[in-house]
Amino acid sequence: MNQYTPPKVWTWNKPNGGAFASINRPVAGPTHEKELPVGKHPLQLYSLATPNGQKVTIMLEELLARGHKGAEYDAWLIRINDGDQFGSGFVEVNPNSKIPALMDRSEAKPVRVFESGSILTYLAEKFGEFLPTERAARAETFSWLFWQMGSAPYLGGGFGHFYAYAPEKIEYAIDRFAMETKRQMDVLDRRLAESEYLAGPDYTIADMAVWPWYGGLAKGRSYNDAAQFLSVHEYKHVQRWADAIDARPAVKRGRMVNRISGDPAYQLHERHDASDFETKTRDKLQAAE
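Remember, it's a predicted structure, so these values are computed and weren't measured experimentally.

The next thing to look at is the overall build of the chain. Check the secondary structure of the chain and you find 11 helices and four strands. Relative to the globule expectation of 19 Å for 289 residues, the C-alpha radius of gyration of the chain, 20 Å, shows essentially globular dimensions. Counting only C-alpha atoms, the chain reaches 60 × 50 × 45 Å along its principal axes. Considering only contacts within the chain whose residues lie at least 6 apart along the sequence, 65% involve residues at least 24 apart. Surface summary for the chain: the accessible area is close to 14800 Å², and the carbon and sulfur share equals 53%. With 35 positive and 37 negative side-chain charges, the chain shows a separation of 2 Å between the mean positions of the two kinds.

To continue, consider the packing of helix H1 (residues 51-65) against helix H3 (residues 116-127). Taken N-terminus to C-terminus, the directions of H1 and H3 make an angle of 10 degrees; their axes are 9 Å apart at the nearest point. Put simply, H1 runs roughly parallel to H3. Contacts from Asn 52, Lys 55, Val 56, Met 59, Leu 60 and Leu 63 in H1 reach Ser 116, Ile 119, Leu 120, Leu 123, Ala 124 and Phe 127 in H3. Each residue belonging to the contact of H1 with H3 can be placed in one class, and the counts come to nine nonpolar, two polar and one charged.

This part covers the packing of aromatic side chains. Per the stated rule, a full pass over the model turns up 12 aromatic pairs. On the basis of an interplanar angle of 85 degrees and a centroid distance of 5.8 Å, the ring pair of Phe 130 and Tyr 203 is categorised as edge-to-face. Residue Phe 130 is located in the loop between H3 and helix H4 (135-165), and its partner Tyr 203 is located in the loop between helix H5 (171-194) and helix H6 (205-218); the two are separated by 73 residues in the primary sequence. Tyr 203 sits in the buried class, given a relative accessible area of 7%.

Below, the discussion takes up the nonpolar core. Within the largest apolar cluster, 61 residues are counted, with the highest numbers of intra-cluster contacts made by Met 59, Leu 123, Phe 159, Ile 205, Tyr 214 and Trp 241. For Phe 159, the residues in contact, after removing those within four places along its chain, are Tyr 154, Ala 164, Ile 174, Phe 177, Ala 178, Thr 181, Tyr 223, Ala 226, Phe 229 and Leu 230. Core analysis: the next-biggest nonpolar cluster, separate from the first, contains 11 residues, Tyr 46, Leu 77, Ile 80 and Met 103 among them.

Okay, the UniProt feature "domain: GST C-terminal" (unreviewed entry) in the chain next. Under the UniProt annotation, the feature "domain: GST C-terminal" (unreviewed entry) is placed at residues 134-268. Segment residues 134-268 splits into 68% helix and 0% strand. End C-alpha atoms: 37 Å apart.

In a regular helix each residue adds 1.5 Å, so 12 residues correspond to 16 Å; H3 covers 17 Å between its end C-alpha atoms and thus fits that length. Taken residue by residue, H3 has Ser 116, Gly 117, Ile 119, Leu 120, Thr 121, Leu 123, Ala 124 and Phe 127 as its buried positions. Close packing links the buried residues of H3 with strand S1 (43-47), H1, strand S3 (101-104), strand S4 (111-114), H4 and H6. At the exit of H3 stands Gly 128, carrying a positive phi of roughly 65 degrees.

Our focus in this paragraph is the sheet that holds S1. Strands belonging to one sheet form pairs held by backbone hydrogen bonds; the direction of such a pair is parallel or antiparallel. With mixed pairing, the four strands of this open sheet are ordered in space as S2-S1-S3-S4. Of all strands in the sheet, those with a lone pairing partner are strand S2 (73-77) and S4, marking the two edges. Sheet twist, expressed as the average angle between the axes of neighbouring strands with direction ignored, equals 20 degrees. Strand contacts of H1: S1 and S2, with the helix running at about 150 degrees to S1, the strand carrying the most contacts. Along the sheet, H3 contacts S1, S3 and S4; its crossing angle with S4, the most-contacted strand, is approximately 130 degrees.

Here the focus is the packing of H5 against H6. Where H5 contacts H6, the two axes come as close as 12 Å, and the packing angle between them is 105 degrees. It follows that H5 is roughly perpendicular to H6 by the angle criterion. Touching Thr 181, Gln 184, Met 185 and Leu 188 of H5 are Val 210, Tyr 214, Leu 217 and Ala 218, all from H6. Of the residues contributing to the contact of H5 with H6, the split by class is six nonpolar, two polar and no charged.

Applying the stated criterion to the full structure yields 18 salt bridges. Taking the shortest distance from any N to any O, the salt bridge between Arg 138 and Glu 125 comes out at 2.9 Å. On the criterion of sequence distance, the pair formed by Arg 138 in helix H4 and Glu 125 in helix H3 is long-range, its members being 13 residues apart. For Glu 125, a relative accessible area of 48% corresponds to the partly exposed category. With its nearest N and O atoms 2.9 Å apart, the salt bridge here joins Arg 183 to Glu 180.

Definitions and limits used
Residues numbered from 1 in each chain as written. Predicted model: local features only at pLDDT ≥ 70, side-chain atom pairs only at ≥ 80, totals over all residues. Heavy atoms only, no water. Helix = DSSP H or I, 4+ residues; strand = E, 2+ residues; numbered from the N terminus. Rg over C-alpha atoms; globule rule 2.2 N^0.38 Å. Contact = heavy atoms within 4.5 Å. Areas by Shrake-Rupley, 256 points an atom, 1.4 Å probe, with all protein chains shown as cover. Lys, Arg positive; Asp, Glu negative; His and termini not counted. Charge placed at Lys NZ, Arg CZ, Asp CG, Glu CD. Axes fitted to C-alpha atoms, helices over the stretch in contact; angles between N-to-C directions. Parallel < 35°, antiparallel > 145°, perpendicular 65-115°, else oblique. Nonpolar A, V, L, I, M, F, W, Y, C, P; charged D, E, K, R; others polar. Phe/Tyr/Trp six-rings, centres within 6.5 Å; stacked < 30°, edge-to-face > 60°. Buried < 20%, exposed > 50% of the residue type's maximum accessible area, 1.4 Å probe, protein only. Core = buried A, V, L, I, M, F, W, Y, C linked by side-chain atoms within 4.5 Å. UniProt positions renumbered as here; feature names shortened; annotations may be inferred. Expected span 1.5 Å × (residues − 1). Pairing = 2+ DSSP bridges. Salt bridge = Lys/Arg side-chain N within 4 Å of Asp/Glu carboxyl O.

Rendered as structure tokens:
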């Protein structure tokens, strides 16, 4: 491996390589003018079915399953590999240019909410669901929610990037982040050995936040053959928890929304009505073409 000596002052003079090189840049703000579409429902979601995107669509489908009609939503597809997140309209909703982003148009003045953990908390408080009111249970929920927000970059931007997406395999980087990912899985496994869900006996926004990342890894859905590489079968309590959440009907629907890869039967590029799950998945649209 060639030895790299950092310059005195870093400058951006070439793409940084890897799967997402075309959309990485060291500055913020829009790259082009493009207004966001607005549908008929109170909540307008602009997203993609990455783990962070899945958190919010799962939450919305869970709220609808509990009878909250005010949680009806339009889910608009943001193709991040095409740079949709740098359009002027999206940047107005999320100045950080990351999915997911939410506009709540049910309020007198529309409310923007960005960052997935913030959206989960906003919706939980708005509808009074999946967030305990008792102080200790509420604190436990927030602790695991923020654990995910702080930990997942080591899984995704660290391990996932260097293991699956980087232009070359760097042993030091892969070893460093594999070690940390396994440590995190052990943290979860130890917690789930003593608790049915992360915050206690009840399913909460903490589970919705952690499951798409770590449940996805446990079920072999992340970073090619990473499940085998990391021996995720060893984390028996994580596997039990991942399977339980995987089986929830609202979770199954939430995973489909804004999905553009995998089995066409499980891809619902945009969601505007509950009936879309039956009529507008990619396989059905392809059959009608």
